[in-house]
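Here are the chains, one letter per residue:
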Amino acid sequence: MVENQLPQTTYSISDLSKEFDITTRSIRFYEDQGLLKPKRRGQTRIYSLKDRVRLKLILRGKRLGFSLAETRRLFELYDADKNSSSQLHTMLELVEEKKVSLQQQMDDIKVVLMELNSAEQQCRDALANNAQ
């Protein structure tokens, strides 16, 4: 018979490192930046479910191109007032800024690709002329 197990509520640094496939050094860095606040039992860090969720959000934000400062700003707003519309407005502002930035990067990449295609064609033309 299988017992009903309660969800895990505390995690070691190695638990989180394995779960999210990141180094313990990265987790300690996020702690040094004030984004995670584990409890201590002697030298051992004890991470809460809240820390685990925050780590997941940090990594998701990183994949989306958010800086740690932007992530910290959202965490601070959430900690200050969990039911505040200001947090949602700030998130919308950050999303819009990120979209504009990514669009600019896409435009820049398109220009560089056009320049590379042109240089490639010039090289091919020069090789064809030399072969004649």
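Computed from a prediction, not measured in an experiment: that's the story for all the values here. (Residues numbered from 1 in each chain as written. Predicted model: local features only at pLDDT ≥ 70, side-chain atom pairs only at ≥ 80, totals over all residues. Heavy atoms only, no water.)

A.B. asks: Would you mind going over the pattern of salt bridges in detail, with residue names and values included?
C.D. replies: As enumerated under the stated definition, the model contains six salt bridges in all. As a salt-bridge pair, Glu-19 and Arg-52 come within 2.5 Å of each other at their nearest N and O atoms. One end of the pair, Glu-19, is in helix 1 (residues 13–20); the other, Arg-52, is in helix 3 (residues 49–63), with 33 residues separating them in the sequence. Close ionic contact of Glu-70 with Lys-98 constitutes a salt bridge, the shortest N to O distance being 3.8 Å. With Glu-70 in helix 4 (residues 68–80) and Lys-98 in helix 5 (residues 85–131), this residue pair connects regions lying 28 residues apart in the sequence. Among the charged side chains, a salt-bridge network with shared partners connects Glu-31, Arg-40 and Arg-45. (Salt bridge = Lys/Arg side-chain N within 4 Å of Asp/Glu carboxyl O. Helix = DSSP H or I, 4+ residues; strand = E, 2+ residues; numbered from the N terminus.)

A.B. asks: An account of the UniProt feature "domain: HTH merR-type" (unreviewed entry) in the protein chain is requested, with residue identities and associated values reported.
C.D. replies: The feature "domain: HTH merR-type" (unreviewed entry), as annotated in UniProt, sits at residues 10–77 in this numbering. Secondary structure over residues 10–77 splits into 62% helix and 15% strand, and the C-alpha atoms at its two ends are 24 Å apart. (UniProt positions renumbered as here; feature names shortened; annotations may be inferred.)

A.B. asks: Please set out the UniProt feature "coiled-coil region" (unreviewed entry) in the protein chain residue by residue, giving values where relevant.
C.D. replies: Taking the numbering used here, the UniProt-annotated feature "coiled-coil region" (unreviewed entry) corresponds to residues 92–122. Secondary structure content for residues 92–122 is 100% helix and 0% strand, and the end C-alpha separation is 45 Å.

A.B. asks: Explain the side chain of Glu-70 residue by residue, including any values.
C.D. replies: Residue Glu-70 is classed as buried on the basis of its relative accessible area of 17%. Separated by 2.7 Å, the side chain of Glu-70 and the backbone nitrogen of Ser-67 make a polar contact. Apart from the residues lying within four places of it in its own chain, the contact partners of Glu-70 are Gly-65, Leu-94, Glu-97 and Lys-98. (Buried < 20%, exposed > 50% of the residue type's maximum accessible area, 1.4 Å probe, protein only. Polar contact = N/O pair within 3.5 Å; in protein donor to acceptor, adjacent residues only side chain to side chain. Contact = heavy atoms within 4.5 Å.)

A.B. asks: Could you give an account of the environment of Asp-21, naming the residues involved and the relevant values?
C.D. replies: As for its placement among the helices and strands, Asp-21 is situated in the loop between helix 1 and helix 2 (24–32). Taking the C-alpha atoms as reference points, Asp-21 and Arg-52, 31 residues apart in sequence, are found 13 Å from one another.

A.B. asks: Quick one: what's the story with unusual backbone geometry, residue by residue and with numbers?
C.D. replies: At Asp-21, a position not held by glycine, the phi torsion is positive, near 55°. Its relative accessible area of 70% is what places Asp-21 among the exposed residues.

A.B. asks: Run through the packing of aromatic side chains, naming residues and quoting values.
C.D. replies: The full count for this structure, using the stated rule, is one aromatic pair. Sitting over the ring of Phe-75, Arg-54 keeps its end group 4.4 Å from the ring centre. Lying over the aromatic face of Phe-66, Lys-98 brings its terminal NZ or CZ to 5.7 Å of the ring centre. (Phe/Tyr/Trp six-rings, centres within 6.5 Å; stacked < 30°, edge-to-face > 60°. Lys NZ or Arg CZ within 6 Å of the ring centre and 35° of its normal.)

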